[in-house]
Every structure is written in structure tokens, then in C-alpha cells.
Amino acid sequence: MATQAAIVSTKKVPQPRNGLWPFWRKFVRVRAAALALLILVIIVLSGALAPLLAPFPQNQQNIMARLKPPLYEGTEGLHLLGTDALGRDILGRLLWGSRVSLLVGAASVLVAGTLGVTLGLVAGYFGGSVDAAIMRWTDIQLALPFLIMALAVVAVLGSGLWNVIIVLGVTGWVQYARIVRGEVLSVREREFVLGAYASGVPTRRILFYHILPNVTASIIVIASLQVARMILMEASLSFLGLGVPVEIPTWGRMVADGRDYLSIAPWVATLPGLAIFTTVLCINICGDRLRDMLDPTLRHQKEG
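Residues numbered from 1 in each chain as written. Predicted model: local features only at pLDDT ≥ 70, side-chain atom pairs only at ≥ 80, totals over all residues. Heavy atoms only, no water.

As for the overall build of the chain
- A tally of regular secondary structure across the chain gives 15 helices and two strands.
- Against the 2.2 N^0.38 benchmark of 19 Å for 304 residues, the chain shows a C-alpha radius of gyration of 25 Å, more extended than a compact globule.
- Here the chain holds 304 residues, and 40% of them are scored as buried.
- Considering only intrachain contacts with a sequence separation of at least 6, the fraction spanning at least 24 residues in the chain is 70%.
- Of the roughly 16,700 Å² of accessible surface on the chain, a fraction of 66% belongs to carbon and sulfur atoms.
- A gap of 9 Å separates the mean positions of the 26 positive and 17 negative side-chain charges of the chain. (Helix = DSSP H or I, 4+ residues; strand = E, 2+ residues; numbered from the N terminus. Rg over C-alpha atoms; globule rule 2.2 N^0.38 Å. Buried < 20%, exposed > 50% of the residue type's maximum accessible area, 1.4 Å probe, protein only. Contact = heavy atoms within 4.5 Å. Areas by Shrake-Rupley, 256 points an atom, 1.4 Å probe, with all protein chains shown as cover. Lys, Arg positive; Asp, Glu negative; His and termini not counted. Charge placed at Lys NZ, Arg CZ, Asp CG, Glu CD.)

Written as C-alpha cells, this is what we have:
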């Protein structure tokens, strides 16, 4: 019996695996998500290294080489993806444009998430007239078309990179507020929150140290999907001429510049359009994978 007890005691007890590595392995288990993440990493690195990878300056014009097809060998070098109506290299402008799209998508989600999560926490925790006022505000904003409201604000503030980020952030907080508020209504009734309140813990600490960590999974999922939406909105504003200044290349403006040449030079508009489509699709695939992993309801359904 002693020998058997010694054998049992020497057996390794499996420890719960925590950390990023198990999460990463589970994420890439789905091939579509792994491929989408790989493409996103390539796009981000290409944008970050645009000054080194771009074969020509972003605004360098050569009228003698206008509307040249891909793989055109000019006097200045090879235009791998052709040129636009002003003879500017499309590959270089795509690389520089990715910086704008990714920056606007990430920064506007940060602004919208900060505002929406804060209002959702306040509304869900305090309830009453505070909750009613914030929810009526969200209802009013939901009644207004998102693009029309963004166009109106940009038209008043003027074009500019940071103006676009502020506009998209201020007009995109509603979804965060509604979802966070709904989860806070449930979390605030749990024992650890009631115990902290009864112990005299300050309200700010209860909100940000007890409640917020329990709704972080939903915030991550919303943010990952909202990045794609913000990139589309920035492209729409740039397509309409209300985005960032003209001297800064963006994918939306490149599509607008090439729409008049679709019959004779389709690559001018289709290549930036394909860049928008690929980026948004990959972000949505990664966001769906995160939702499947972090949403306990969906996770239990798949395991069952």
C-alpha cells in the first residue's frame, strides 16, 4: 500500500494551462483564421515599412508614364502594379495608404471604445435616471444614419487625419455602450461586487477593478470587428473627398481617382479596392474567431 501511494504521489498532476501560448494555438487551429492573421501581419508590416518598401515616392508624378499597366518598365524603374492618371506608382501609394487605413481603424476604435465602455459602465452600474439619459442618447444617435452624420461633422470640422479619427470615434461608441451596459446589469448583482460595495470599496475601483475585467471579452470582440467597419468608413469618406488631405494617399481616394478610367485602366481602381476588401475580410475572420473563443455561449455549443 505504501508503494502504491508513493507511485501515485510521484505522478505529475496536470496543471491548467494559462497564458498566451495556449490561446494562440487554439486560435490558429482554424486554418481560415490563421491565414487571415498571416495576411493581416503582412499588411501591417508592409505599411510600417512603407518608406523602405515603396519603390517610388508616394506623390512622384510622371505624366509620360500615366495609366501604364502592371509590370511596366519605365525610364525611372519597374512599376510592379502600374501607374495612375498622374503617373504615380500604384504599389507605393498602396503601401502608404495602408498606414492611413490601419491608423484610422485602430485609433478611432480606441476613441469609440473608451467613450462607449465608460458610458456603458456608468449606465449599467448606477441605473435609474443616469441609465435612462445615456440610453436615450444612444437611441437618438442610432436613429441618425452613421455615414450621413459623419459626413456632416467632417464637413463642419474640415478634412484632416485626426478630424476623421475623432469623427469616427465619437459616432461609433454606441455599440460598446449598449453591450457593456447589458453585461454590467448582470455582473453588478454578483456576490463579489456586492461584497466590495458592502465593504466600502470606492465606486471607481468597483467599476474598473471588479466589473470591467468581467466584460473585457465582449469589448475585445466588438473592437476587433469595429476596426474593419472604421476602415470602410474612412475609405467611404475619402472616396467622397471628405477624408484626409489630398496629398496623403488613401485607398478610398485611390478608388475615386480611378473610377473614371475603369474601361481603359481598371487596375487603378480595382487594386486599392482589392486591398480594402482583403483587409476588411481578414479582420472580420479574425474577429469571428475571437468571438467563438471568448463567447462562453458559442464555445459551449461547439464543444457540445
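Side note on unusual backbone geometry
- The backbone of L67 sits at a positive phi, close to 55°, despite the residue not being glycine.
- Note on placement: L67 falls in the loop between α4 (50-53) and β1 (72-74).
- Using a relative accessible area of 15% as the deciding quantity, one classes L67 as buried.
- Its identity as a non-glycine residue notwithstanding, L71 has a phi of 65°, on the positive side.
- Mapped onto the elements of the fold, L71 is located in the loop between α4 and β1.

Side note on the side chain of T83
- Following the sequence through the fold, T83 ends up in the loop between β2 (77-79) and α5 (90-126).
- Given a relative accessible area of 0%, T83 falls into the buried group.
- Among the polar contacts made by the side chain of T83, one reaches the main-chain carbonyl oxygen of A65 at a distance of 2.5 Å.
- Dropping the residues within four chain positions of it, T83 is found in contact with A65, R66, L67, K68, R88, I90, W267 and V268. (Polar contact = N/O pair within 3.5 Å; in protein donor to acceptor, adjacent residues only side chain to side chain.)

Re helix α8 (residues 161-171)
- Buried within α8 we find V164, I165, V167, L168, G169 and T171.
- Summarising the contacts, the buried residues of α8 are in contact with α5, α6 (128-143), α7 (146-157) and α12 (216-239).

Notes on the nonpolar core
- Of all hydrophobic cores here, the largest spans 59 residues; its most connected members are L121, L168, Y176, I211, L237 and W251.
- Setting aside its immediate chain neighbours within four residues, L237 contacts L147, A150, L151, V154, V164, L168, L242 and G243.
- With seven residues, the next largest nonpolar core counts A123, I134, M135 and W173 among its residues. (Core = buried A, V, L, I, M, F, W, Y, C linked by side-chain atoms within 4.5 Å.)

Examining the side chain of T250
- With respect to the helices, strands and loops of the structure, T250 is situated in the loop between α12 and α13 (251-258).
- According to the relative accessible area criterion, T250 is buried, its value standing at 0%.
- Only 3.4 Å separates the side chain of T250 from the side chain of S238, close enough to count as a polar contact.

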